[in-house]
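Close look at the chain arrangement
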Amino acid sequence: MDNFALFLSFLWFLFFLFTAFYFYRFFKYRKELKKLKNRPLEKKYRQFIQDIPLYKNLPEKYKKTMDYKIQRFFIEKDFIAPYIKLTDEIKTLTAFYGCILTAAYEEFCYPNLKYVYIYPKAIKKNIKREYIVEEDVIISGEALQDSVIISWHDAKYQIKHNKKRNVIIHEFAHMLDFADGAADGVPPVTKEMFKEWKKTVLREYKLLLEKKQHHSKIEIDEYALTNEAEFFAVMTEYFFCNPKFLHYHFPDIYEELKKFYRLDTLIILEE
Ligand SMILES: [Zn+2]
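Since the structure is predicted, the reported quantities are computational estimates derived from the model, not experimental observations.

1. Some thoughts on the coordination of the zinc ion
For the zinc ion, the protein coordination sphere consists of His170 (NE2), His174 (NE2), Glu230 (OE) and Glu230 (OE), at 2.1 to 2.6 Å. Coordination geometry of the zinc ion: the four donor atoms subtend angles of 54 to 145° at the metal centre, consistent with an arrangement described as irregular. One chain supplies every donor to the zinc ion, and in sequence these donors are spaced H-x3-H-x55-E. Of this pair, His170 sits in helix α7 (residues 167–178) while Glu230 sits in helix α9 (residues 228–241), placing them 60 residues apart in sequence.

Have a look at this one:
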């Protein structure tokens, strides 16, 4: 065997070793996840969500899925909180509101998301508009390709008082929107559903834009009309925080979101 053949054999050996190691880790992790599915959420975490109607009134099978998803979220995502003490309450509520969007999709855990940044309060961000004018905007959260940023002051206040908005749900709706590679306000849906989506959600968005241009009264937070992506994120907030309002003003959108999220929040949050 000459030197080149020896070198090739060595490369093959390395390739085999690497592949074996990859599969070993893959199956080991799958096994861990399987165990996680039967492990209830620890009391120290559960105490923060057990009285939230969005959790309490979930169908039993989804409650179990949420327990699994929250624990998986803790394993897979890095929480980074540079200026605030990261408590179990912050971690649990962030994971809960992030995962509630996909309660009906057991194995979806935001594969692109690596980091969750928690800041004590709203963040000042310097943005360039049209590459000419620079300005400072105050944001309570942001979704980037592999991270989500949350202002805890805003999130906590909204969870406690506000029935229409929730910055955690908003940013995770963006993450869902990004999941198919485009920030276009359309989450990963089937071709069939996309046709419906165009007829209902995107059509309603255009109608509202026209209304705004004619200075007519808009029923929703006008921030939703920034672009299609913001429209989807804000509508998702209404769907999970105030479905009654969404169903009353935009029944078509409610139905479309119900189909996509596979949850009937109107029933779950029935008073
Ligand atoms: Zn947004």
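That shown, we press on.
2. A few points about the sheet that holds strand β2 (residues 115–119)
The four strands lie next to each other as β1-β2-β6-β5, forming an open sheet whose pairing is mixed. With partners counted over all chains shown, the strands left at the sheet margins are β1 (78–80) and β5 (141–143), one partner each. Along the sheet, successive strands turn relative to each other by an average axial angle of 15°, direction set aside. Relative to β2, β1 runs parallel, the two sharing three bridges. Residue Ile80 lies in a different strand from β2, and its bridge partner there is Tyr117. Across the sheet, helix α6 (residues 152–160) touches β2 and β6 (147–151), and the angle it forms with β6 is around 70°.

3. Brief notes about the pairing of β2
Only one face of β2 is buried: it carries Val116 and Ile118, and the other face, with Tyr115, Tyr117 and Tyr119, is open. The parallel pair β1 and β2 is bridged by helix α5 (residues 88–99), and the resulting crossover is left-handed.

4. A word on the packing of helix α1 (residues 3–37) against helix α4 (residues 60–76)
At a closest axis distance of 9 Å, the pairing of α1 and α4 adopts a crossing angle of 140°. Here α1 lies oblique to α4, going by the angle between them. You can see that α1 and α4 cross each other, and the crossing is right-handed. The residues of α4 that touch α1, namely those facing Tyr29, Leu33, Leu36 and Lys37, are Lys64, Tyr68, Gln71, Arg72, Ile75 and Glu76. Here the contact of α1 with α4 is built from residues that sort into five nonpolar, one polar and four charged.

5. With respect to the packing of aromatic side chains
Aromatic ring pairs are defined here through the distance separating the ring centres and the angle between the ring planes. Going through the model one piece at a time under the given rule, you end up with 24 aromatic pairs. Ring centres of Tyr22 and Phe23 lie 5.5 Å apart, and the angle between their planes is 85°; on these two criteria the pair is classed as edge-to-face. When the ring of Phe239 is compared with that of Tyr254, the centres are 5.1 Å apart and the planes differ by 40°; the resulting orientation is tilted. Pair noted here: Phe239 is in helix α9 and Tyr254 is in helix α11 (residues 251–261), with a separation of 15 residues, a long-range link. For the residue pair Phe239 and Tyr254, the accessibility class agrees, reading buried in each case. Following the ring pairs from residue to residue traces out a cluster consisting of Tyr105, Trp197, Phe232, Phe239, Phe240, Tyr254, Phe260 and Tyr261. Lying over the aromatic face of Tyr68, Lys37 brings its terminal NZ or CZ to 5.3 Å of the ring centre. Lying across the ring of Phe74, Lys91 places its NZ or CZ 4.7 Å from the centre.

6. Points about the pattern of salt bridges
Pairing is possible between side chains that carry opposite charge, provided their charged atoms lie close to one another. Following the criterion strictly, the structure yields 15 salt bridges and no others. With a shortest N-O distance of 2.7 Å, Arg72 and Glu76 are connected by a salt bridge. With a gap of four residues between them, Arg72 and Glu76 both fall in helix α4, about one helical turn apart. Glu76 is paired through a salt bridge with Lys77; the nearest N and O atoms lie 3.7 Å apart. We classify Glu76 as partly exposed; its relative accessible area is 27%. Accessibility expressed as a relative area gives 4% for Lys77, which makes it buried. Here the salt bridges do not stand alone but share partners, grouping Lys37, Arg72, Glu76, Lys77, Glu106 and Glu107 into one network.

7. A word on α5
Across its twelve residues, α5 extends 16 Å between first and last C-alpha, which sits within 8% of the 16 Å expected from 1.5 Å per residue. With ten of twelve residues buried, α5 is to be regarded as a mostly interior element.

8. Examining a positive patch on the surface
On the surface, Arg25, Lys28, Lys31, Lys35 and Arg39 cluster together into a patch of positive charge. Its location among the elements puts Arg39 in the loop between α1 and α2 (43–46).

9. Describing the pairing of β6
The buried count for β6 comes to five of five residues, which makes it a mostly enclosed element. Residues Ser147, Ile149 and Ser151 line one face of β6 and the alternating positions Val148 and Ile150 line the opposite face, and both faces are buried. For β2 and β6, the ladder comprises five bridges, and the chain directions are parallel. The residue bridging Val116 from the neighbouring strand is Val148, located in β6.

Rules and cut-offs
- Residues numbered from 1 in each chain as written.
- Predicted model: local features only at pLDDT ≥ 70, side-chain atom pairs only at ≥ 80, totals over all residues.
- Heavy atoms only, no water.
- Donors = N, O, S within 2.8 Å, 3.2 Å for Na, K, Ca; no water.
- Tetrahedral: all angles 85-135°; square planar, octahedral: opposite > 155°, others 65-115°.
- Helix = DSSP H or I, 4+ residues; strand = E, 2+ residues; numbered from the N terminus.
- Pairing = 2+ DSSP bridges.
- Axes fitted to C-alpha atoms, helices over the stretch in contact; angles between N-to-C directions.
- Contact = heavy atoms within 4.5 Å.
- Buried < 20%, exposed > 50% of the residue type's maximum accessible area, 1.4 Å probe, protein only.
- Right-handed = clockwise from strand over helix to strand, strands pointing away.
- Parallel < 35°, antiparallel > 145°, perpendicular 65-115°, else oblique.
- Left-handed = near helix turned anticlockwise from the far one by under 90°.
- Nonpolar A, V, L, I, M, F, W, Y, C, P; charged D, E, K, R; others polar.
- Phe/Tyr/Trp six-rings, centres within 6.5 Å; stacked < 30°, edge-to-face > 60°.
- Lys NZ or Arg CZ within 6 Å of the ring centre and 35° of its normal.
- Salt bridge = Lys/Arg side-chain N within 4 Å of Asp/Glu carboxyl O.
- Expected span 1.5 Å × (residues − 1).
- Patch = residues over 30% accessible without salt bridge, like charges linked within 9 Å, V, L, I, M, F, W, Y side chains within 5 Å.
- Areas by Shrake-Rupley, 256 points an atom, 1.4 Å probe, with all protein chains shown as cover.
- Lys, Arg positive; Asp, Glu negative; His and termini not counted.
- Charge placed at Lys NZ, Arg CZ, Asp CG, Glu CD.

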